[in-house]
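Listed below, chain by chain, are the residues.
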Amino acid sequence: MLIIAIAGGTASGKTTIAKNIIEILNSNKVSLISMDSYYVDLSHLSFEERKKFNFDHPNSIDWDLLYTHLDSLISGKPIKKPIYSFTEYTRKEEFELVYPNSVVILEGLFALYDERIRRMSKIKIFVEAPDDIRLIRRIYRDIKERGRDIDDIIEQYVNFVRPMYVEFIEPTKKYADIIIQNEKNFKAAIELLTALAERHIIWT
């Protein structure tokens with residue numbers, strides 16, 4: 001199994017790059033796992049408490065569950081991947097059944113943070129984009145897709161997103177095999193990653 005880990009700051013283009021690879025391959029041998037699905041379960045907290053939770057800190061991730069699930073996929077076993085609700089700020093009761101595939105793409109803020117996950121990952125990617133562009137993308141996404149208001153988005157960005165990026169996420173760039181500058185066009189990077197994944201699929 002080929003695990004491709006794609007890390008980077010908020011709205012840097014991690015998910016877009018991952019989905020582009022899967023779309024080009026047009027293959028049922030590629031699975032996408034978003035680290036957003038592995039936020040810790042906060043159902044024991046009130047809605048207001050969940051809203052104030054720092055989802056941009058590494059402690060927001062259920063690392064043991066993520067590691068166990070990746071290990072299961074490598075061992076050829078399907079997993080019950082959690083489904084996270086961005087409107088309720090916690091996991092849903094439902095889950096998604098994910099089967100082992102030749103290629104698994106893991107994307108998320110902290111995809112390169114945990115040493116256990118890095119050891120599993122054959123290709124490690126870090127996606128960069130200027131802060132102002134990422135902020136604009138995040139505002140657009142959170143209003144359109146997650147029903148957030150502008151004040152909450154800005155407050156979260158200033159208090160959590162930006163400082164956590166500087167402290168925890170940007171330093172993981174040193175672990176990357178490939179750094180993608182996602183400011184305008186990342187076609188060459190997509191073609192390279194797709195070729196590597198295709199080669200692995202052919203030989204497995």
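Above this text sits the structure in question.
Residues numbered from 1 in each chain as written. Predicted model: local features only at pLDDT ≥ 70, side-chain atom pairs only at ≥ 80, totals over all residues. Heavy atoms only, no water.

Q: Explanation requested: the packing of aromatic side chains in the structure shown.
A: For any two aromatic rings, the description comes down to two numbers: the centre-to-centre distance and the angle of the planes. Counted under the stated rule, the structure contains ten aromatic pairs. Aromatic side chains Phe55 and Tyr84 sit 5.9 Å apart centroid to centroid with 65° between the ring planes, which places their arrangement in the edge-to-face category. With a gap of 29 residues between them, Phe55 in the loop between helix H2 (47-51) and helix H3 (63-74) and Tyr84 in strand S3 (residues 79-85) connect regions that are remote in the sequence. Taken together through their ring pairs, the aromatic side chains of Tyr39, Phe47, Phe53, Phe55, Tyr84, Phe86 and Tyr89 make up a single cluster. The aromatic ring of Tyr67 is capped on one face by Arg116, whose charged end is 4.8 Å from the ring centroid. (Phe/Tyr/Trp six-rings, centres within 6.5 Å; stacked < 30°, edge-to-face > 60°. Helix = DSSP H or I, 4+ residues; strand = E, 2+ residues; numbered from the N terminus. Lys NZ or Arg CZ within 6 Å of the ring centre and 35° of its normal.)

Q: Where do I start with the nonpolar core in this structure?
A: Most often, soluble globular proteins keep nonpolar side chains buried together rather than apart. Core analysis: the biggest nonpolar cluster contains 33 residues, and Ile33, Met35, Leu66, Leu70 and Phe110 have the highest contact counts within it. Elements supplying a minimum of two residues to this core: strand S1 (2-8), H3, S3, strand S5 (103-107), helix H4 (115-120) and helix H6 (150-169). Contacts of Met35, omitting those with residues within four sequence positions, involve Ile61, Trp63, Leu66, Leu106, Glu107, Gly108, Phe110 and Ala111. (Core = buried A, V, L, I, M, F, W, Y, C linked by side-chain atoms within 4.5 Å. Buried < 20%, exposed > 50% of the residue type's maximum accessible area, 1.4 Å probe, protein only. Contact = heavy atoms within 4.5 Å.)

Q: Could you clarify how one ought to interpret empty space enclosed by the protein in this entry?
A: To find leftover empty space, one rolls a probe the size of a water molecule over the atoms. Inspection of the entire model under this criterion finds one cavity of 30 Å³ or more. Every residue along the wall of the largest cavity is listed here: Met35, Asp36, Tyr39, Ile61, Gly108, Leu109 and Phe110. For the lining of the largest cavity, the per-class residue count stands at five nonpolar, one polar and one charged. (1 Å grid on protein atoms, 1.4 Å probe; cavity = no way out; pocket = protein on both sides within 12 Å on 5 of 7 lines; lining within 4 Å. Points joined across faces, edges and corners; volume = space filled by probe spheres on them. Nonpolar A, V, L, I, M, F, W, Y, C, P; charged D, E, K, R; others polar.)

Q: Would you mind going over the sheet that holds strand S2 (residues 30-34) with me for this structure?
A: Each strand in a sheet pairs with another by means of backbone hydrogen bonds, the pair being arranged parallel or else antiparallel. Pairing is parallel in the open sheet, where five strands are placed in the order S2-S5-S1-S6-S7. Two strands bound the open sheet, and with one partner strand each, they are S2 and strand S7 (178-181). Each strand of the sheet is rotated relative to its neighbour by a mean of 20°, with strand direction disregarded. For S1 and strand S6 (residues 123-128), the ladder comprises five bridges, and the chain directions are parallel. Note on S6: the bridge partner recorded for Gly8 is Val127. Lying over the sheet, H3 contacts S1, S2 and S5, oriented at roughly 165° with respect to S5. (Pairing = 2+ DSSP bridges. Axes fitted to C-alpha atoms, helices over the stretch in contact; angles between N-to-C directions.)

Q: Whenever I open this one, the environment of Lys80 confuses me. Can you help?
A: Mapped onto the fold, Lys80 is located in strand S3. With 39 residues separating them in the primary sequence, Lys80 and Asp41 have C-alpha atoms 15 Å apart.

Q: What's the story with the environment of Gly108 in this structure? I'm lost.
A: Here Gly108 shows up in the loop between S5 and H4. On a C-alpha basis, the gap between Gly108 and Ile33 in space is 8.7 Å, while along the polypeptide they are 75 residues apart. Ignoring sequence-local partners within four residues, the contact set of Gly108 consists of Ile6, Ala7, Gly8, Lys14 and Met35.

Q: Hey, could you run me through the side chain of Glu128 in this one?
A: Relative to the helices and strands, Glu128 is located in strand S6. Within the local environment of Glu128, its side chain forms a polar contact with the side chain of Gln181, the two groups lying 2.7 Å apart. (Polar contact = N/O pair within 3.5 Å; in protein donor to acceptor, adjacent residues only side chain to side chain.)

Q: Just to check I follow, could you spell out the pattern of salt bridges for this structure?
A: Pairs may arise between side chains of opposite charge once their charged atoms sit close together. Tallying each qualifying case throughout the model produces 13 salt bridges. Between Arg116 and Asp114 there is a salt bridge, and its shortest N-O distance comes to 3.3 Å. With its nearest N and O atoms 2.8 Å apart, the salt bridge here joins Asp131 to Arg162. One end of the pair, Asp131, is in helix H5 (residues 131-146); the other, Arg162, is in helix H6, and 31 residues separate them in sequence. What makes Asp131 partly exposed here is its relative accessible area of 30%. In the salt-bridge network here, residues are joined through shared partners; they are Asp64, Asp114 and Arg116. (Salt bridge = Lys/Arg side-chain N within 4 Å of Asp/Glu carboxyl O.)

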